[in-house]
Every structure is written in C-alpha cells, then in structure tokens.
Amino acid sequence: MDDVRKGKVDVVIVWKFDRFARSTRHLITALHEFNYLGVDFISYTENIDTSSPTGKVLFTIISAMAEFERDLIRERVKAGLENAKKKGIRLGRPLRMDNAFIDWVTELKSEGLSIRAIAKRLNASPALVHKTLTKNQIETHNG
C-alpha cells in the first residue's frame, strides 16, 4: 500500500482478492483508494479487472459473498465449540499427567534442571512441565 500511495504502482494483481482483505469494507475502501490514485486491481483467479464497470460490480458482489461465507463459518465454529463445552468435551491436546510423567518431572526438577530442559528431555511442552510441577506442589502442600 505504501508503494501504491507513493505512485510506484499502476496495477495491483492478486491471486484471489479475498486473500487481499478479510472484509468487504476493507476491500471496498482499498478499491476506492486505488481508483482515486489511478491504480487498477486485478484478481487473477476470479478474472476480475476493476478497470471496467463490470469488473467493479462483480468485485463488490463476490467480496460480499466471501465475507458472508467467512461469517457463516465463524458462527458454525463458535456454535460447535459451545456445544462441545456444554457436553463437557475437553478440546485441545490431551494432558500427559500420569503418575510416571509426574515422577519424571519431579525427579528432574529435584536434580536442578530447568523447566525448558525437563520439557526437552521428556518431549513435552514447557507449559505442561510447569503445570505438572505446580499441580504436584499444590497436592503436596494440601496432602
């Protein structure tokens, strides 16, 4: 966009215009700016050239449909996550905090290894090692 504004560009060519922006508003704003600056916008895949009136109309219609499709997908994903949460389904990577893992982490920590070193040795994430140590300390103090 800097090059467009500096007058270094005559045409912006993209593979798919919906990869250029995530909303119709952004696409239309950019299109107006391109038009004002005398820069054409071409989508190779959709074969749309905004230098023509037909291309401008098609661009607006297709960009609105692309945004609509993204919004529908977003709604479906949110609904699916909420449904899974209501059913008590835990999403994400399964925890590996079995007794053997807890023992290994505790032993390596007592040997003076850092959380990152323990994680690397056990092929686990540092967050899981930290969580294991924290959980183990809480259980030790309470029990």
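No experiment lies behind these values; they were computed from the predicted model shown.

How each quantity is defined
- Residues numbered from 1 in each chain as written.
- Predicted model: local features only at pLDDT ≥ 70, side-chain atom pairs only at ≥ 80, totals over all residues.
- Heavy atoms only, no water.
- Helix = DSSP H or I, 4+ residues; strand = E, 2+ residues; numbered from the N terminus.
- Rg over C-alpha atoms; globule rule 2.2 N^0.38 Å.
- Buried < 20%, exposed > 50% of the residue type's maximum accessible area, 1.4 Å probe, protein only.
- Contact = heavy atoms within 4.5 Å.
- Lys, Arg positive; Asp, Glu negative; His and termini not counted.
- Charge placed at Lys NZ, Arg CZ, Asp CG, Glu CD.
- pLDDT = per-residue confidence, 0-100.
- Pairing = 2+ DSSP bridges.
- Phe/Tyr/Trp six-rings, centres within 6.5 Å; stacked < 30°, edge-to-face > 60°.

(A) Geometry of the overall build of the protein. Helix and strand counts for the protein come out as 6 helices and 3 strands. Taken against the 2.2 N^0.38 rule, which gives 15 Å for 143 residues, the C-alpha radius of gyration of the protein at 27 Å runs more than 25% over that of a compact globule. Here the C-alpha coordinates of the protein stretch approximately 75 × 40 × 25 Å along the principal axes. Classification of the 143 residues of the protein by burial places 27% in the buried group. A fraction of 57% describes how many contacts in the protein between residues 6 or more apart in sequence connect residues 24 or more apart. The positive charge centre, built from 24 side chains, and the negative charge centre, built from 18, are 6 Å apart in the protein.

(B) Broad picture of the confidence of the model for the protein. Per-residue confidence for the protein gives a mean pLDDT of 83, with 92% of residues at or over 70. Model confidence for the protein, summarised as mean pLDDT per element, is weakest for helix α6 (residues 126-142) at 73 and strongest for helix α5 (residues 115-122) at 91. This stretch, residues 138-143, has a pLDDT under 50; its non-local contacts, to residues over four places away or in other chains, come to 0 contacts.

(C) Focus on the sheet that holds strand β2 (residues 40-43). Sheet architecture is open: 3 strands sit in the order β1-β2-β3, paired in mixed fashion. Every interior strand has two partners, whereas the edge strands, β1 (11-14) and β3 (48-49), have only one. One ladder, built from 2 bridges, connects β2 with β3; its direction is antiparallel. When the sheet's bridge partners are listed, Ser43 is paired in β3 with Ile48.

(D) Broad picture of the packing of aromatic side chains. All chains considered together, the criterion is met by 4 aromatic pairs. Seen from their ring centres, Trp15 and Tyr44 are 5.1 Å apart, and the 25 degrees between their planes marks the pair as stacked. Taken as a pair, Trp15 in the loop between β1 and α2 (24-37) and Tyr44 in the loop between β2 and β3 lie far apart in primary sequence, 29 residues in all. Ring centres of Phe20 and Phe34 lie 6.0 Å apart, and the angle between their planes is 50 degrees; on these two criteria the pair is classed as tilted. Note that Phe20 is positioned in the loop between β1 and α2 and Phe34 in helix α2, a separation of 14 residues in sequence. Look at Phe20 and you get partly exposed, because its relative accessible area is 25%.

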